[in-house]
Amino acid sequence: MTLEFLADLYPIIFDTLDIAGVFIAAVLGGMVAREMRFDLVGFVVVSIISALGGGMLRDVLIGNAPALQAPPVALTNPYYLSCAILGALVAYLLRIRGRWINRVMITADALVIGCWTATGVMKTLNAGYSYIPAIMMGVITAVGGGLIRDTVVGRTPVIFGGNTLYATASLIGTIPAIGLWLLHMPSTAMVVTTLTCGLIATLAKKYEWALPQNRDYSVNDTLVQVTDSVTRRLASLRDKENRLERQKQREEKATRDRHKSAMSLRARAQHTRRGEGKTETSAKVATKKAPSAHNPNPQSASATQKSGVQKQSMKNEVPEWMPPETIMPPKPRGRVKKHRDIAKHQREGANQHRVKPGGLGWLLGAVRKYRKGDSRNES
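Residues numbered from 1 in each chain as written. Predicted model: local features only at pLDDT ≥ 70, side-chain atom pairs only at ≥ 80, totals over all residues. Heavy atoms only, no water.

A. Representation of the side chain of Thr-141. Looking at where Thr-141 falls in the secondary structure, it is placed in helix H6 (residues 131-153). Beyond its immediate sequence surroundings of up to four residues, Thr-141 is in contact with Gly-54, Gly-55, Arg-58, Trp-116 and Gly-120. (Helix = DSSP H or I, 4+ residues; strand = E, 2+ residues; numbered from the N terminus. Contact = heavy atoms within 4.5 Å.)

B. Here's a closer look at the packing of helix H2 (residues 40-62) against helix H4 (residues 78-93). Direction vectors running N to C along H2 and H4 enclose 130 degrees, while the axes themselves pass 8 Å from each other. Judged by the angle between their axes, H2 and H4 are oblique. Two packed elements cross with a definite hand, and for H2 against H4 that hand is right-handed. When H2 is examined against H4, the residues Leu-40, Phe-43, Val-44, Ser-47, Ile-48, Ala-51 and Leu-52 are found in contact with a partner set consisting of Tyr-80, Leu-81, Ala-84, Ile-85, Ala-88, Leu-89, Ala-91 and Tyr-92. Tallied by class, residues from the contact of H2 with H4 come to 14 nonpolar, one polar and no charged. (Axes fitted to C-alpha atoms, helices over the stretch in contact; angles between N-to-C directions. Parallel < 35°, antiparallel > 145°, perpendicular 65-115°, else oblique. Left-handed = near helix turned anticlockwise from the far one by under 90°. Nonpolar A, V, L, I, M, F, W, Y, C, P; charged D, E, K, R; others polar.)

C. View of the confidence of the model for the protein chain. Taken as a whole, the protein chain shows an average pLDDT of 77; of its residues, 66% reach a score of 70 or greater. Within the protein chain, the lowest mean pLDDT, 49, falls on helix H10 (residues 298-316), and the highest, 94, falls on H6. Under a pLDDT of 50 for its full length, residues 311-316 has, in the predicted model, zero contacts with residues more than four places off or in other chains. Predicted confidence is poor over residues 352-356, with pLDDT under 50, and the contacts of this stretch with residues over four places away or in other chains come to four contacts. (pLDDT = per-residue confidence, 0-100.)

D. Main features of a positive patch on the surface. The grouping of Arg-99, Arg-103, Lys-206 and Lys-248 at the surface amounts to a positive patch. Following the sequence through the fold, Lys-248 ends up in helix H9 (residues 223-289). Taking relative accessible area as the criterion, Lys-248 reaches 46% and is therefore assigned partly exposed. (Patch = residues over 30% accessible without salt bridge, like charges linked within 9 Å, V, L, I, M, F, W, Y side chains within 5 Å. Areas by Shrake-Rupley, 256 points an atom, 1.4 Å probe, with all protein chains shown as cover. Salt bridge = Lys/Arg side-chain N within 4 Å of Asp/Glu carboxyl O. Lys, Arg positive; Asp, Glu negative; His and termini not counted. Charge placed at Lys NZ, Arg CZ, Asp CG, Glu CD. Buried < 20%, exposed > 50% of the residue type's maximum accessible area, 1.4 Å probe, protein only.)

E. Structural detail: H6. Compared with the 33 Å implied by 1.5 Å per residue over 23 residues, the 33 Å span of H6 between its first and last C-alpha is a close match. At Val-143, H6 shows its maximal bend, which comes to roughly 55 degrees. Residue Gly-154 follows H6 closely and has a positive phi angle near 85 degrees. (Expected span 1.5 Å × (residues − 1). Bend = angle between axes of the 7 residues up to and from the residue.)

Written out as C-alpha cells, the structure reads:
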C-alpha cells in the first residue's frame, strides 16, 4: 500500500518540481536581461527562452515519432508559459541578489537540471529511440534553454567554457536514468537522476570544478615538450589552489580580526559602564556621609576635631621610659645649624648620665682611681 501510494505521489512531485524549475529558469533569464539592460519585452522573451527553450526543442525533435504525435508540452500546458512570464516579471521588478538568495537559486537550479535531464531521457526512451539519442535529448532538455538564451543576447554560451560543471552534470545524470529505466523503475530513475545531477552541479559550483581548456599540442611535439607542458599546467593548478587557500586564510583572518575588534569594543563599553556605575555609587555614599549644608551638626564637627587633635598629640608625645639618646633633635634649618644642634644634643644627653661629685658616688670614684694607681705601680 505504501509503495503504491509513493508511486502515485511521484508524478505529482516531479510535475511540481518541473513547474518550479520553469519559474527559476525564467528568473535566471530575467537576471541576464537585467545585465544587458533590456526593457520589459526583452525580459519576457529572454525568460521564456531560458525556461522553455530546452523542452520545446526536445519535443520538436522527437515529435515525429510514432509514439508522440503531439505538439510541445509548453504549448498545451498553460502552467509552463504562465510561470515563465511570472518569473520574468519578478526579475523585472526586483533586483535579486544576496548570499542566501544566490545559494537557494544555485541549489534549485541544480535540482531542476536533474529533473529536466530525467524527463528528457524518459520521454525519448518511451518514444522508441535508443540510448544515445536519449542521452542527447536529456542534455538538450537541461541546458538547451540557456544555450539559446546566451546566443540570443549575443554572448558565448556558458556551457562552452569558463563555467563550472553544468552540462557535464546532466550528462552524468543520464547514466542512472537509463539504467533504472531498463530495470522498469522509472520513478526511482527520476529520483536518482535528480539527486545525482543536483549534487554534482552544487559541488561543482562550490568548489569551482570545471573541465580543462584546450591546449595547443602538435603532432611534432616530442615527449619532453608534452611533459613540460603538462608540468606547467599542473604547476599553474597548484598555484591557483595556493592562491585560493591564501585568499581563504586572509578572509578567515579578517573575520577573526573583526570579531576581536567587536569583542574589544564590547569590553570597553562594559568597562565604561562599570566605571560610571562605581562613580555614581561613590558619589551616593559621599552624599550620604557628608553633612547637610542647610542643617550642619556642630557637635559632630567638634567631636571630629577633638579626636584629630588627640591623635596628633599622641603621635608627638615621647614615652617616659625612652632614654634621651633615642630622642631625635628637631629638624635643622641649615647645614651648620644641623651639626651644631646634633653636637649640643649629644652633650646634653651625656651630661644627664654623668655622676656629680659628692656623696657616695664621689667615694666610689676615688676608690677606683686608687686601685688603678696601685695596679700601675705594681706593673
